[in-house]
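Each chain is listed here by its residues.
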Amino acid sequence: MPIDAAKALAAQPRSAEIAWDHKDIQLYHLGLGAGVPATDPDELRYTLESRLHVLPSFATVAGAGMGMMGGLSAPGIEVNLAAVLHGGQTITLHRPIPVKGSATATSKVAAVYDKGKAAVLVLRSEVADGEGPLWTSDAQIFVRGEGGFGGDRGPSARVPAPDGEPDRTVERPVREDQALLYRLSGDWNPLHADPEFAKLAGFERPILHGLCTYGMTLKAVVDTLLDGDVSRVRGYGTRFTGVVFPGETLRIRMWRTEGRVQATVTAVERDDAPVLADTVVEHA
């Protein structure tokens, strides 16, 4: 069996040194669609090095080799990328991410769940620098066709649906070339660029990275409900429920309660097809 759960869970955590600077931050932000309008002071916080702050979802691409793609090469894990889908993502921020930094990233397979027709891998990365912990990231990865091995099904808790009409609703366009730009931050899965590979995976054409939608949604929440202050974000989690194709428009609905923002994301052109669910931003 390509996934040996016992071997994967017993493997020693792997550590690597990672580093980033303003160019990595700016490229990531541009990959999320930042910089429109180019001279907007609110957008310059994402694009101009003299005013730069770091959207916390950058944690998902910093040291990309130790993230999702690195976890899929862990001992006991041998899978076909065409069978891989990102099922969910959470990050916990221990303090704001600096514009320039170096840190140690320690990664492991934290759990392997048996969903019957698929296996779910929880890939955990903990990142710390000389001043202490920076962030913890958990990626939930679905591997189609690898379930049925008799393992634990794992948690299935859902976030209760929000009450009433959303406090804010915004729409964010996805450029035709956005997946091509976003992948330069380190996710080289050909599913997001190669039409033939996308067809092998069951899609009519390349799809946008789930983590790009994830970052776009956090940016929308920060910009509209958190006064543009990235340092207020304490944690962010979501469940990926559908795909986005480049050229589509995201509709992001947001509900605000004490200390958190709950959101749903849909694809406008496909009759509000669900894209992200159980989406919560915890904030100060």
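The preceding data block contains the structure.
Residues numbered from 1 in each chain as written. Predicted model: local features only at pLDDT ≥ 70, side-chain atom pairs only at ≥ 80, totals over all residues. Heavy atoms only, no water.

Chemist: Residue-level account of helix α7 (residues 210-225), with values.
Modeler: If you check α7, its first and last C-alpha atoms are 22 Å apart, about what 16 residues at 1.5 Å a residue would give, namely 22 Å. Burial analysis of α7 places 14 of its 16 residues in the buried class, the great majority of the element. Trailing α7 by a residue or two, Asp 227 shows a phi angle of about 60°, which is positive. (Helix = DSSP H or I, 4+ residues; strand = E, 2+ residues; numbered from the N terminus. Expected span 1.5 Å × (residues − 1). Buried < 20%, exposed > 50% of the residue type's maximum accessible area, 1.4 Å probe, protein only.)

Chemist: Quick one: what's the story with the packing of aromatic side chains, residue by residue and with numbers?
Modeler: The final tally for this structure, using the stated rule, is 6 aromatic pairs. Grouping aromatic residues by their ring pairs yields a cluster made of Trp 20, Tyr 28, Phe 58, Trp 135 and Tyr 182. The aromatic ring of Tyr 46 is capped on one face by Lys 219, whose charged end is 4.6 Å from the ring centroid. (Phe/Tyr/Trp six-rings, centres within 6.5 Å; stacked < 30°, edge-to-face > 60°. Lys NZ or Arg CZ within 6 Å of the ring centre and 35° of its normal.)

Chemist: I'd like a rundown of the sheet that holds strand β5 (residues 132-144), residues and numbers included.
Modeler: Pairing is antiparallel in the open sheet, where 10 strands are placed in the order β1-β3-β4-β5-β2-β7-β10-β9-β8-β6. Across the chains shown, the open sheet's two edge strands, defined by having one partner strand only, are β1 (14-20) and β6 (168-173). When the angles between neighbouring strand axes are averaged without regard to direction, this sheet yields 20°. Pairing of strand β2 (residues 84-93) with β5, which is carried by 9 bridges, proceeds in the antiparallel orientation. By the bridge assignment, Leu 93 is partnered in β5 with Trp 135. (Pairing = 2+ DSSP bridges. Axes fitted to C-alpha atoms, helices over the stretch in contact; angles between N-to-C directions.)

Chemist: Could you give an account of helix α2 (residues 22-31), naming the residues involved and the relevant values?
Modeler: When α2 is considered as a whole, its buried residues turn out to be Ile 25, Gln 26, Tyr 28, His 29 and Gly 31. Of the surrounding elements, those touching the buried residues of α2 are β1, α3 (41-47), α5 (178-182) and α7. (Contact = heavy atoms within 4.5 Å.)

Chemist: Describe the nonpolar core, with residues and values.
Modeler: Residues Trp 20, Phe 58 and Trp 135 are the most contacted members of the largest nonpolar core, which totals 52 residues. Looking at this core element by element, the count peaks at 9 residues for α7. The contact partners of Trp 135, leaving out residues within four places of it in the chain, are Ile 18, Trp 20, Ala 59, Ala 62, Thr 92, Leu 93, His 94, Ile 97, Ser 125, Glu 126 and Val 127. With 14 residues, the next largest nonpolar core counts Ala 74, Ile 77, Val 84 and Ile 141 among its residues. (Core = buried A, V, L, I, M, F, W, Y, C linked by side-chain atoms within 4.5 Å.)

Chemist: Can you explain the pattern of salt bridges? Please cite residues and give values.
Modeler: Summed over all chains, the structure comprises 18 salt bridges. Close ionic contact of Arg 158 with Asp 278 constitutes a salt bridge, the shortest N to O distance being 3.7 Å. Residue Arg 158 is located in the loop between β5 and β6, and its partner Asp 278 is located in strand β10 (residues 273-283); the two are separated by 120 residues in the primary sequence. Between Asp 177 and Arg 175 there is a salt bridge; the shortest N-O distance is 3.0 Å. Judged by its relative accessible area of 40%, Asp 177 is partly exposed. Each of Asp 42, Glu 43, Arg 45, Lys 219 and Asp 223 takes part in salt bridges that share partners, so that together they form one network. (Salt bridge = Lys/Arg side-chain N within 4 Å of Asp/Glu carboxyl O.)

Chemist: I'd like a rundown of unusual backbone geometry, residues and numbers included.
Modeler: In this structure, the amide linkage connecting Val 36 to the following residue, Pro 37, adopts the cis form with an omega of -5°. Among the secondary structure elements, Pro 37 is positioned in the loop between α2 and α3. Of note in the backbone geometry, Asp 227 takes a positive phi value of approximately 60° without being a glycine. As for its placement among the helices and strands, Asp 227 is situated in the loop between α7 and β7 (233-240). In this structure Asp 227 comes out as exposed when scored by relative accessible area, which is 66%. Residue Asp 272 is not a glycine yet carries a positive backbone phi of 60°. Counting through the fold element by element, Asp 272 comes out in the loop between β9 (260-267) and β10.

Chemist: Report on the environment of Arg 183, specifying residues and quantitative values.
Modeler: Structurally, Arg 183 is set in the loop between α5 and α6 (195-200). Expressed as a C-alpha distance, the spacing of Arg 183 and Arg 158, which sit 25 residues apart in the sequence, is 30 Å. With sequence-adjacent residues up to four places away left out, Arg 183 is seen in contact with Trp 188, Asn 189, Pro 190, Ala 193 and His 209.

Chemist: How would you summarise the pairing of β7 if you had to cite specific residues and measurements?
Modeler: Extensive coverage of β7 is indicated by the burial of 6 of its 8 residues. Taken together, the 5 bridges between β2 and β7 define a ladder with antiparallel strand orientation. Bridge pairing links Thr 90 to Gly 237 in β7.

Chemist: Describe the side chain of Thr 279, listing the residues and the values that go with them.
Modeler: Mapped onto the secondary structure, Thr 279 falls in strand β10. In this structure Thr 279 comes out as buried when scored by relative accessible area, which is 1%. Among the polar contacts listed, one links the side chain of Thr 279 to the side chain of Thr 238, at a separation of 2.5 Å. Contact partners of Thr 279, with chain neighbours within four places excluded, come to Thr 217, Tyr 236, Gly 237, Thr 238, Val 261, Gln 262 and Ala 263. (Polar contact = N/O pair within 3.5 Å; in protein donor to acceptor, adjacent residues only side chain to side chain.)

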